[in-house]
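Examining the three-dimensional arrangement
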Amino acid sequence: MASSDASSLPAPDAVPAAVLPKKRGSYNCGRCGLPKKGHVCSIPRPAAAAAAGEHKPRRALLFDDVAAEGVLDAVPLAAAPPPRPPPEMSSRAEGVLRPPEKKARVEPAAVELEEDAAGPARRWEGWVEVGARRRVPGAVVVEVLRRLSPRGVAAAAGVSRGWRECARRVWRGAEEVRLRAAGVRPVGALLTRCTALARLVLRMESDVDATMLACIAFSCPNLQSLDISMANSAVNRMTGDELTRFVSEKRSLAVLKLDGCSSLDFLNISSSSLSTLWLSGLCSLTKAVINCPNLNELSLDFTQQNNSTDLIALMDSLGRTCPNLRNMHISSINLCNEAVFALESANLRGLCMLSLVLGSKITDAAVASIVRSFASLELLDLSGSGITDNGLGMISNAFPQTLTRLLLALCPNITSGGVQVATTQLPLLRLMDCGKSLCSKPQPDAGRSYFGDITGGIKFCSKLATPKKQPTCQKLIIKHSNLKKLSLWGCSAIDALYVNCPELVDLNLNSCTNLHPERLLLQCPSLKDVHVSGCRDMLIGAIRNQVLNEFAMAEPRLPCKRLADGSKRVQVPHFMLEQQLEEQEKWGGSRRSQCTVHLN
């Protein structure tokens, strides 16, 4: 009875031993203290440990053997479980031959996590994996990614951790981003990564409103340049209040270019940092105030429909609000002499570029005002105006030492004589555009009209003022030493052309339908591009023959030398000529490039 009771009662240490946590062995050797990984201890083991070790070999990472022995010592014999067979024996008993189970290493995983958490930037700063066990310096990868598009940089960030870190560096160091987007969402996701962004160029494929401006203002606190253009059928829905608020909040904004500003009902821009302002697609503005004392360049492009903007008041206010204005471009059908007179009263003496386009009401009186107001114009664009040869003569006499670019396209009242005078008296001229000005189509003559009166009599109406009728055939002679680009597109009234310009590079003869091949002479050794779209085949052939023959004559010919006794001349062999050309190329001499004739 006593023995049965003793066997039924558990040992006092059995319960605590069953709930003890599983013990892990140390990573260091118990005898010498060195790490166990790849270590063979030189200190001999004790005799008892050696005897126990001979019973069962112990693997390096199997840390539960010691704990199991402790449990066996604490559990009584009646409740002791049977000994666990080795893994090899258990697999054979089941009839399946499996490799012995191994526990995962803990040490390598811990080291990798420490490196990832502590110093990823330090590790990726040196080398980046590019595939096939090849590494490249991180700075090289960053320089390559900077030359990709934003879509390419985003795709490269998904390759690996090293590439993702390099992409982050590209975004953080980007100062200029050019993006084509279809909404506010991708723009906002990208701009939050570019903390140092200073210049932003957007090509929008969807409508733009105040949400885009708010996203840009929040994500780019140090933005200096903003350019938004519309693609396809996208519409710019920004209003005048939203644009005014955006410009006033961006203290560092220096360049602002917006396209499709048809929803701006008024314009009230005030900024001390703004230096360039471009607004295109403008409609009727009830109010136009631009108060920017440091503004250097202004471009306002109005549509040709429903435009009732008061340009006279705008021109008058520019002298007080923008005293440092140097370049001005305004395109509107409402431009007239009164607007130019108001610009004269603005007293903008530092103006260097003046472009007044599509002002059919601008006459020679406006040209006289421009000549009195500005003495150092470098570019003058009066395309679409109604000036005559007299106005062109005033321009030639006023700016002989400064004017380098003169654009007079769509001016039906000028003739080839005025163009010749301008090219003769402007020695610094480098660009001349007379497209569609020398046109053979005469203007309709609205002479006296006769209308039947109610009483049966005849009423004579006064003759309407009509522009001067141009001759059908005109001859144009241009001889200039500095002219580089000459545009005569659509000049169907020219039937004879002589161009002698040694520096001319680009010649535009598109739609010169009445130009005779026999009356064409081009002496331009530096000519590279000739545009002949819409011309007759015989004219195209004559241009090609003249250009190609001229360049063939410019090629070096075989030189001749006298013999030693001076008796006669002989040609130099080809191999000596090739050697001479190679020496010329070696010392900086270059062959003359061929001219290209563009048919489209």
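Just so you know, these numbers come straight off a predicted model, no measurement behind them.

**A word on the layout of surface pockets**
In this structure, the second largest pocket occupies an estimated 280 Å³ of space. Taken together, 14 residues make up the lining of the second largest pocket; nearest its centre are Pro-150, Arg-151, Leu-179, Pro-186 and Leu-190. Taken together, the elements giving at least two residues each to the lining of the second largest pocket come down to helix 9 (150–156), strand 3 (176–181) and helix 11 (184–191). When the residues that make up the lining of the second largest pocket are grouped by side-chain class, the tally is nine nonpolar, one polar and four charged.

**Things to note about the packing of helix 17 (residues 389–398) against helix 18 (residues 416–425)**
For any two helices packed against each other, the geometry comes down to the angle between their axes and how far apart the axes lie. One way to put it is that helix 17 packs onto helix 18 with a least axis distance of 9 Å and a crossing angle of 0°. Judged by the angle between their axes, helix 17 and helix 18 are roughly parallel. For the pair helix 17 and helix 18, contact is made by Asp-389, Leu-392, Gly-393, Ser-396 and Asn-397 and by Gly-418, Val-419, Val-421, Ala-422 and Gln-425, respectively. Looking at the contact of helix 17 with helix 18 residue by residue, the classes come out as four nonpolar, five polar and one charged.

**Comments concerning the side chain of Thr-309**
As for its position among the elements, Thr-309 is in the loop between strand 10 (297–302) and helix 14 (311–321). A polar contact is formed between the side chain of Thr-309 and the backbone oxygen of Cys-283, at a distance of 3.4 Å. Not counting residues up to four positions away in its chain, the partners in contact with Thr-309 are Cys-283, Ser-284, Leu-285, Phe-302 and Asn-334.

**Describing the packing of helix 16 (residues 364–373) against helix 17**
Two elements in contact, helix 16 and helix 17, have axes separated by 9 Å at closest approach and are oriented at 10°. Relative to helix 17, the element helix 16 is oriented roughly parallel. On helix 17, the residues that touch Asp-364, Val-367, Ala-368 and Val-371 of helix 16 are Asn-390, Gly-391, Met-394, Ile-395 and Ala-398. A breakdown of the residues in the contact of helix 16 with helix 17 according to their chemical character gives six nonpolar, two polar and one charged.

**Side note on the environment of Asn-334**
Relative to the helices and strands, Asn-334 is located in the loop between strand 11 (327–331) and helix 15 (337–346). In this structure the C-alpha to C-alpha distance between Asn-334 and Leu-311, which are 23 residues apart in sequence, comes to 7.5 Å. Once residues lying within four places of it in the same chain are set aside, the contact partners of Asn-334 are Asn-307, Ser-308, Thr-309 and Leu-311.

**Looking at the packing of aromatic side chains**
Taken as a whole and assessed by the stated rule, the structure comprises zero aromatic pairs. Here the guanidinium or amino end of Lys-257 rests over the ring plane of Trp-278, the centre of that ring lying 3.9 Å away.

**Considerations on the side chain of Asp-381**
By the element assignment, Asp-381 lies in strand 13 (residues 379–381). This buried residue, Asp-381, is left without a salt bridge; Arg-405 holds the nearest opposite charge, at 9.9 Å. A polar atom in the side chain of Asp-381 sits 3.3 Å from the side chain of Ser-355. Among the polar contacts made by the side chain of Asp-381, one reaches the side chain of Ser-383 at a distance of 2.6 Å. Every residue in contact with Asp-381, bar those within four places of it in the chain, is listed here: Leu-354, Ser-355, Leu-356, Val-357 and Leu-407.

**Brief notes about the confidence of the model for the protein**
Scored by pLDDT, the protein has a mean of 77; 69% of the residues are at 70 or more. When the criterion is pLDDT under 50, residues 445–456 qualifies, and its contacts beyond four places in sequence or with other chains add up to 18 contacts. Ignoring residues within four places in sequence, the model shows residues 458–465, a span with pLDDT below 50, making 15 contacts including any to other chains.

**Digging into the pattern of salt bridges**
Applying the stated criterion to the full structure yields twelve salt bridges. The shortest N-O distance in the salt bridge between Arg-180 and Glu-205 comes to 2.4 Å. Of this pair, Arg-180 sits in strand 3 while Glu-205 is found in the loop between strand 4 (199–204) and helix 12 (210–219), placing the two residues 25 residues apart along the sequence. Classification of Arg-180 as partly exposed rests on a relative accessible area of 48%. What makes Glu-205 partly exposed here is its relative accessible area of 37%.

Procedures and definitions
Residues numbered from 1 in each chain as written. Predicted model: local features only at pLDDT ≥ 70, side-chain atom pairs only at ≥ 80, totals over all residues. Heavy atoms only, no water. 1 Å grid on protein atoms, 1.4 Å probe; cavity = no way out; pocket = protein on both sides within 12 Å on 5 of 7 lines; lining within 4 Å. Points joined across faces, edges and corners; volume = space filled by probe spheres on them. Helix = DSSP H or I, 4+ residues; strand = E, 2+ residues; numbered from the N terminus. Nonpolar A, V, L, I, M, F, W, Y, C, P; charged D, E, K, R; others polar. Axes fitted to C-alpha atoms, helices over the stretch in contact; angles between N-to-C directions. Parallel < 35°, antiparallel > 145°, perpendicular 65-115°, else oblique. Contact = heavy atoms within 4.5 Å. Polar contact = N/O pair within 3.5 Å; in protein donor to acceptor, adjacent residues only side chain to side chain. Phe/Tyr/Trp six-rings, centres within 6.5 Å; stacked < 30°, edge-to-face > 60°. Lys NZ or Arg CZ within 6 Å of the ring centre and 35° of its normal. Buried < 20%, exposed > 50% of the residue type's maximum accessible area, 1.4 Å probe, protein only. Lys, Arg positive; Asp, Glu negative; His and termini not counted. Salt bridge = Lys/Arg side-chain N within 4 Å of Asp/Glu carboxyl O. pLDDT = per-residue confidence, 0-100.

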